[in-house]
Amino acid sequence: MLLHIVARGRIGRSAEAELVDRYLKRVNWPTRITELPDRGGKLPAIEPGTRIVMLDEKGEQPGSVDFANRLSGWRDTGVRETRFLIGAADGFDDSMRAQADWLIAFGRMTWPHLIARAMLAEQLWRATSILANHPYHREG
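Let me sum up the structure you'll find in this document. On a predicted model such as this, the values are computed, not experimentally measured, just so you know.

The rules behind each value
Residues numbered from 1 in each chain as written. Predicted model: local features only at pLDDT ≥ 70, side-chain atom pairs only at ≥ 80, totals over all residues. Heavy atoms only, no water. Pairing = 2+ DSSP bridges. Helix = DSSP H or I, 4+ residues; strand = E, 2+ residues; numbered from the N terminus. Axes fitted to C-alpha atoms, helices over the stretch in contact; angles between N-to-C directions. Expected span 1.5 Å × (residues − 1). Buried < 20%, exposed > 50% of the residue type's maximum accessible area, 1.4 Å probe, protein only. Arc of directions from axis to C-beta. Contact = heavy atoms within 4.5 Å. Parallel < 35°, antiparallel > 145°, perpendicular 65-115°, else oblique. Left-handed = near helix turned anticlockwise from the far one by under 90°. Nonpolar A, V, L, I, M, F, W, Y, C, P; charged D, E, K, R; others polar. Polar contact = N/O pair within 3.5 Å; in protein donor to acceptor, adjacent residues only side chain to side chain.

Focus: the sheet that holds strand 3 (residues 50–60)
As summarised here, the arrangement of the five strands in space is 2-1-4-3-5, forming an open sheet in which the pairing is parallel. On the outer flanks of this sheet lie strand 2 (31–36) and strand 5 (102–104), each paired with one strand and no other. When strand polarity is set aside, the average angle formed by the axes of neighbouring strands in this sheet is 25°. In terms of strand pairing, strand 1 (residues 2–8) meets strand 4 (residues 81–86) through six bridges, oriented parallel. Within strand 4, the position partnered with His4 by the bridge is Arg83.

Comments concerning helix 2 (residues 64–76)
With 13 residues, helix 2 should cover 18 Å at 1.5 Å per step; its first-to-last C-alpha distance of 18 Å lies within 8% of that length. Buried residues of helix 2: Ser64, Phe67, Ala68, Leu71, Ser72 and Trp74, and no others. The buried residues of helix 2 occupy one face: seen down the axis, they fall within an arc of 165°. In this fold, the buried residues of helix 2 make contact with strand 1, strand 3, strand 4, strand 5 and helix 4 (113–131).

Remarks on helix 1 (residues 15–26)
Each full turn of the α-helix corresponds to 3.6 residues, which orients residues three or four apart in the same direction. Spanning 12 residues, helix 1 covers 17 Å between terminal C-alpha atoms, matching the ideal 16 Å at 1.5 Å per step. Considering only its buried residues, helix 1 is in contact with strand 1, strand 2 and helix 4.

Considerations on the packing of helix 1 against helix 4
Between helix 1 and helix 4, the least distance of the axes is 8 Å, while the angle of their chain directions is 15°. By the criterion of interaxial angle, the relationship of helix 1 to helix 4 is roughly parallel. Of the two elements, helix 1 crosses helix 4, and the hand of that crossing is left-handed. Taken together, the residues of helix 4 that come into contact with helix 1 (itself represented by Glu16, Leu19, Val20, Tyr23, Leu24 and Arg26) are Leu114, Ile115, Arg117, Ala118, Ala121, Glu122, Leu124 and Trp125. Looking at the contact of helix 1 with helix 4 residue by residue, the class counts come to 10 nonpolar, no polar and four charged.

So, the pairing of strand 3
Across a regular strand the side chains alternate sides, sitting on one face of the sheet and then on the other. In terms of strand pairing, strand 3 meets strand 4 through six bridges, oriented parallel. Bridge pairing links Met54 to Leu85 in strand 4. Relative to strand 5, strand 3 runs parallel, the two sharing four bridges. Within the sheet, the bridge partner assigned to Met54 lies in strand 5 and is Leu103.

Remarks on the side chain of Thr50
Tracing the backbone shows Thr50 in strand 3. Polar side-chain contacts of Thr50 include one of 2.7 Å to the backbone oxygen of Glu47. Excluding residues that lie within four positions of it along the chain, Thr50 makes contacts with Glu81, Arg83 and Asp101.

What follows is the structure in structure tokens.
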């Protein structure tokens, strides 16, 4: 299953970009990143069998194991792509939220989108390592 991050804003050459690269290189599932301008730009076409996950302040706050299990369940039922959407400074409106299969938040605090991208990349590495029984994740 493809793990596809679609993010508003350009990350460029930055410390956050290095973190994203570091973690996504460890993920043994296919990954892709699509960057869009802060406003406008066209989202890549959504193919059948795609799940949409939005990083949103109103989302659930799953633990890492729950996150891994959700990805595993989708993978095991034939989902071809899980697309993670990271919005610009104003996030998503209610009509966009209604299109998501899952809204998630990294806590109740607001995070800059570049840091949220790095945090997502780390959680994708963590989730796939949990599913592979790799010792990276330590629960409780």
